[in-house]
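Below are the chains, spelled out letter by letter.
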Amino acid sequence: MLSRPSPVKSHPSPDKSTSQPPSKRKRSQPSPVKSSATNEKRKRPTAEECKHVVSALGKIHPDVVKENQKRREGFIDRKKKKKQKTNKKQANCTPVTDAVISTMLSQNTTAANQNRAFAGLKEAFPGGWEEVATADTSLIEDAIRVAGLAKIRAERMQNMLQIVKEERGEANFEYLQNFTSTDAIQKELSRFKGMGPKTISCVCLFALGIPEFPVDTHVLRISQKLGWVSASTSREAAYEYLNDVVPDEHKLDLHCLLVTHGKWCYNCAANGKPQFKPKEKWTCPLIGMKSGKKDIKPKVKVEKQVKVKKEEVKHRA
């Protein structure tokens, strides 16, 4: 007679720690309360804050807003021509390539030197980027020397142009206009030396009209000052976060206005020393925004400008 097997229920439940330690399972599932609190805290800047900053800084720096409006009109016009298939190639009309090279020249130098270097490059090589791709590297160095790091920049610039020339038959990056994915554009540009996240983000924003939020030293400093990111946040980490949080419709204006404001404002410039002296006296509209409360408008009046600055300096000291 066969013995009847014991019911499963009669066996003591096995020690879970021998097969799947509960400690490990707990570590893989973070506390939802903690995660929720963290996400709630990281929602700044709000859409309302972004809108207010754009509006307030736009009144102080109207030229920036006007320039961005021209950019938008240019993007719309380019799309219309592309849709109507009337966007014929013109000699040396390479807005995307211009943006790639110009942004590369902006690294670790002033805007004035960047512009002079780019103008020098265009003057030295009237044949366009095809001529730059085949020129003696020393000639490229001479043309952009004012921007500094001439040898490194010239080599990287020429190497990029030579690679796309070999792969696509033309020494330019205009083919990026046919890409339908931002990720694809970022992946394509990131394979070249000297094309970091900020440079690529600038190309997407200024040359292709893609909503991106580049983070340079001015944007990072003011974002930290406003409490949008912590004081220890790196520029790369700030870009990853802010690019996700800032609404697309505000990215172009907010980026450009923060960069300009960081160069002109005593309150927001590095060490309180702006690169350019304001032509008119004004109270920084960003004062009082760090709390992130609903009422984000500055509570100080224009006539109290001098007093506010003295109190602020005393507080920081």
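Residues numbered from 1 in each chain as written. Predicted model: local features only at pLDDT ≥ 70, side-chain atom pairs only at ≥ 80, totals over all residues. Heavy atoms only, no water.

Participant: Looking at this model, I keep getting lost on the overall build of the chain. Mind explaining?
Facilitator: Across its full length, the chain carries 16 helices and zero strands. Of all 317 residues assigned to the chain, the portion counted as buried reaches 40%. Within the chain, counting contacts between residues at least 6 apart in sequence, those at least 24 apart form 62% of the total. Working note: accessible area of the chain is about 20300 Å², and carbon and sulfur atoms make up 53% of it. (Helix = DSSP H or I, 4+ residues; strand = E, 2+ residues; numbered from the N terminus. Buried < 20%, exposed > 50% of the residue type's maximum accessible area, 1.4 Å probe, protein only. Contact = heavy atoms within 4.5 Å. Areas by Shrake-Rupley, 256 points an atom, 1.4 Å probe, with all protein chains shown as cover.)

Participant: Can you walk me through the packing of helix H6 (residues 95–105) against helix H7 (residues 111–124) in this structure?
Facilitator: The relative placement of two packed helices is expressed as an angle between their axes plus a distance between the axes. For the pair H6 and H7, interaxial distance at closest approach is 9 Å and the crossing angle is 135 degrees. Between H6 and H7, the interaxial angle falls into the category oblique. Regarding H6 and H7, the two cross each other, and that crossing is right-handed. For the pair H6 and H7, the contacting residues are Asp98, Ile101, Ser102, Thr103 and Leu105 in the first and Gln114, Ala117, Phe118, Leu121 and Lys122 in the second. For the contact of H6 with H7, the residue count by class is five nonpolar, three polar and two charged. (Axes fitted to C-alpha atoms, helices over the stretch in contact; angles between N-to-C directions. Parallel < 35°, antiparallel > 145°, perpendicular 65-115°, else oblique. Left-handed = near helix turned anticlockwise from the far one by under 90°. Nonpolar A, V, L, I, M, F, W, Y, C, P; charged D, E, K, R; others polar.)

Participant: Please explain the packing of aromatic side chains as it appears in this structure.
Facilitator: Any two aromatic rings considered together are summarised by their centre-to-centre distance and by the angle between their planes. Per the counting criterion, the structure on display carries five aromatic pairs. On the basis of an interplanar angle of 55 degrees and a centroid distance of 5.9 Å, the ring pair of Tyr175 and Phe179 is categorised as tilted. Owing to a relative accessible area of 11%, Tyr175 belongs among the buried residues under this scheme. Ring pairs connect the aromatic residues Phe173, Tyr175, Phe179 and Phe192, which therefore count as one cluster. Its end group placed over the ring of Tyr175, Arg168 keeps NZ or CZ at 3.8 Å from the ring centre. (Phe/Tyr/Trp six-rings, centres within 6.5 Å; stacked < 30°, edge-to-face > 60°. Lys NZ or Arg CZ within 6 Å of the ring centre and 35° of its normal.)

Participant: Explain unusual backbone geometry to me, please; I cannot follow it from the model alone.
Facilitator: When glycine is set aside, most residues are seen to have a negative phi, and most peptide bonds are trans. Of the consecutive residues Arg44 and Pro45, the connecting peptide bond is found in the cis state with omega at 0 degrees. At Asn108, a position not held by glycine, the phi torsion is positive, near 55 degrees. Mapping Asn108 onto the fold places it in the loop between H6 and H7. Taking relative accessible area as the criterion, Asn108 reaches 72% and is therefore assigned exposed.

Participant: Sorry if this is basic, but what is going on with the packing of H6 against helix H10 (residues 150–168) here?
Facilitator: At a minimum axis separation of 11 Å, H6 and H10 run at an interaxial angle of 160 degrees. If you check the angle between H6 and H10, you find them roughly antiparallel. Remark: the crossing between H6 and H10 carries right-handed chirality. Seen from H6, the contacting residues are Thr97, Val100, Ile101, Met104 and Leu105; seen from H10, they are Arg153, Arg156, Met157, Met160 and Leu161. Looking at the contact of H6 with H10, its residues break down into seven nonpolar, one polar and two charged.

Participant: Even after reading the chapter, I still don't get the pattern of salt bridges, so can you show me in this structure?
Facilitator: Where charged atoms from two side chains of opposite charge come close, those side chains can pair. In this structure the tally under the stated criterion is nine salt bridges. Across the pair Asp253 and Arg72 runs a salt bridge whose closest N-O atoms are separated by 2.8 Å. Residue Asp253 is found in helix H15 (residues 248–264), and its partner Arg72 is found in helix H5 (residues 62–83); the two are separated by 181 residues along the sequence. Counted as one network, the salt bridges with shared partners bring together Glu167, Glu188 and Arg191. (Salt bridge = Lys/Arg side-chain N within 4 Å of Asp/Glu carboxyl O.)

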